[in-house]
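# Coordinate analysis (summary)
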Amino acid sequence: MSIQNEYLNGLMERVVKRDPAEPEFHQAVREVLTSLAPVANARPELIREGVMDCLVEPERTIKFRVPWEDDKGNIHVNRGFRVQFNSAIGPYKGGLRFHPSVNESIIKFLGFEQTFKNSLTGLPIGGGKGGSDFDPKGKSDAEVMRFCQSFMNELFKYIGPDTDVPAGDIGVGAREIGYLFGQYKRLSNEFTGVLTGKGLTYGGSLARKEATGYGLCYLADCLLKDGGKGFEGSTVVISGSGNVAIYACEKATQLGGKVVAMSDSNGYVYDKDGIDLPLIQQIKEIERGRIKEYAQRKAGAEYHEGCVNIWNVPCDIALPCATQNELPLEGAKALIQNGCFAVVEGANMPSTPDAMDALQEAGVLFAPSKAANAGGVAVSALEMSQNSMRFSWTFQEVDDRLKTIMTDLYHNAAQAAERFGMAGNLVAGANIAGFLKVADSMLAYGLV
Ligand code: NDP
């Protein structure tokens, strides 16, 4: 789809020309600018005052080397990033990703998306993202600890509980957050809520671990109900088997769905009887193993090499929860052909643009990641509130707040789409609703 505003078209061209080697960032910006064209047409001051130009440029990008020593005494040097994208409505907030694929384009796209997502939660948090091309897979705990400490030795200069509050993402779970938080505390001589996703013994929030997956299903439930459908009696396919996928599986099952397939970056398992979640958790969370072991231990389950083929498994509801661009056009076509009626994105930008277009054109109910996976950051913001109050809410209290946030978010996005003549288009609605709060704050500051 093209951008229906001449100025925004030119802006898109400038974004590509300025950083030609950043395809993921271009993809994220193009999707948002396409949705924002009707808003820019209705409110020309947003262009005149430079809001649109500022929106696509991070406030600050920090890039640093991370030297660390392995167990054999060899020295390795990785690259660290923190993109502080937009602080118009609160301190920068967004996860850290440790994965060999990490580069500036990926961190910029994630930070850009995070700005709108955080705004959509209704909570006072700006957008940021960071990470490293370090691969925690196959490393000992001691190696991961040394890497995290070295990473924090540099990052700590730029973050703080009222400045920038990182969290986890791919490859950064409870273990990594513990090492990072410990090093920050050591360096700063302060015990503050500078990271979220912390362990429960040192300031973490109940329900944070579950928040993204649960929130995804709460939003999916709203979308399904509006479309006259539901989880009850539905067959569900979930890609990934990490933090988001595991708790999406738990909640989808609680809501009456049957999850029949999950994956990792090597392949997927199909279990016609429904995925045995405790077994997945044992393999992935405790043993840090591969998903193919599931089929070796569970009678009747099949393992298939190649994660992208998971979309060929017939289902009613698909929840892509692994990584960006993991659901290509061929996958979308297979889902449509097999009668899938809803795709709700748990990972960030998992559908390629042509896949997203095909799903929407086929009338599949579709919720984009910046709306659907906002539950994680929402509960991270609740963790910040609890840290500030030096107080903890119960699991039930946090979960209730999460449900309310996701329900409100869904309705706000749906109403924004309707207001700008795109009823039913949650992609546009989420982009517009997330944008307006940030844009109006930027205008109020007179900083552009
Ligand atoms: P984890 O590291 O816990 O899990 C990632 C999962 O995705 C693993 O199963 C991994 O498999 C799989 N995976 C990674 N790369 C690929 C690939 N190229 N193809 C197929 N599978 C792949 O990460 P999270 O669950 O935390 O994050 C998943 C997604 O959700 C990311 O896009 C993240 O940005 C997004 N997200 C996460 C939030 C959170 O709270 N954690 C909040 C909002 C969004 P393997 O083990 O083989 O690497």
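Computed from a predicted structure; not experimentally measured.

Once that is clear, we can look at the overall build of the chain. When helices and strands are tallied, the chain shows 17 helices and twelve strands. The C-alpha atoms of the chain give 21 Å as radius of gyration, which agrees with the globular expectation for 448 residues (22 Å, within 12%). Counting only C-alpha atoms, the chain reaches 60 × 55 × 45 Å along its principal axes. A burial count over the chain gives 58% of its 448 residues as buried. In the chain, 71% of the contacts between residues at least 6 apart in sequence involve partners at least 24 apart. Within the structure as shown, the chain displays about 17,500 Å² of accessible surface, and the carbon and sulfur contribution to it stands at 50%. Of note, the chain has its 45 positive side-chain charges centred 4 Å away from the centre of its 54 negative side-chain charges.

Ordered in space as S1-S2-S4-S3-S5, the five strands form an open sheet in which the pairing is mixed. Because the sheet does not close on itself, it has two edges, and the strands there are strand S1 (60–69) and strand S5 (164–167). Sheet twist, expressed as the mean angle between neighbouring strand axes with direction ignored, is 20°. Where S1 and strand S2 (residues 75–86) come together, ten bridges link them in antiparallel fashion. Following the sheet pairing, Phe64 is matched in S2 by Gly80. In this fold helix H5 (residues 104–120) packs onto S1, S2, strand S3 (92–98) and strand S4 (126–132), with an angle of close to 155° to the strand it touches most, S4.

Taken together, 25 residues lie near the ligand, and Asp169, Thr212, Ser265, Arg290 and Asn348 sit nearest. In this structure, Asn348 approaches the ligand through a side-chain N or O atom, which is 2.8 Å from an oxygen atom. In isolation the ligand exposes 890 Å². Once the protein is present, 85% of that is buried. Those elements that provide at least two residues to the shell around the ligand are helix H8 (208–226) and helix H9 (243–254).

On the secondary structure map, Asn5 appears in the segment before helix H1 (6–18). In contact with Asn5, other than residues within four places in its own chain, are Ala37, Ala40, Asn41 and Ile47.

A few words on the domain arrangement of the chain. Domains assigned within the chain are domain 1 (6–55), domain 2 (60–191) and domain 3 (209–372). In this structure, domain 1 and domain 2 have C-alpha centres spaced 27 Å apart. In this assembly, ten residues from domain 1 lie in contact with ten residues from domain 2. Both faces combined, the contact of domain 1 with domain 2 buries some 930 Å², and carbon together with sulfur accounts for 66% of it. Our count for the contact surface shared by domain 1 and domain 2 stands at four residue pairs in polar contact (both at pLDDT 80 or more). By residue number, the principal contributor to the side of domain 1 that touches domain 2 is helix H2 (residues 23–42), which donates six residues.

Here is what the cut-offs are and how they apply
Residues numbered from 1 in each chain as written. Predicted model: local features only at pLDDT ≥ 70, side-chain atom pairs only at ≥ 80, totals over all residues. Heavy atoms only, no water. Helix = DSSP H or I, 4+ residues; strand = E, 2+ residues; numbered from the N terminus. Rg over C-alpha atoms; globule rule 2.2 N^0.38 Å. Buried < 20%, exposed > 50% of the residue type's maximum accessible area, 1.4 Å probe, protein only. Contact = heavy atoms within 4.5 Å. Areas by Shrake-Rupley, 256 points an atom, 1.4 Å probe, with all protein chains shown as cover. Lys, Arg positive; Asp, Glu negative; His and termini not counted. Charge placed at Lys NZ, Arg CZ, Asp CG, Glu CD. Pairing = 2+ DSSP bridges. Axes fitted to C-alpha atoms, helices over the stretch in contact; angles between N-to-C directions. Near = heavy atom within 4 Å. Polar contact = N/O pair within 3.5 Å; in protein donor to acceptor, adjacent residues only side chain to side chain. Domains from an automatic or database assignment. Buried area = accessible area lost by both parts, 1.4 Å probe.

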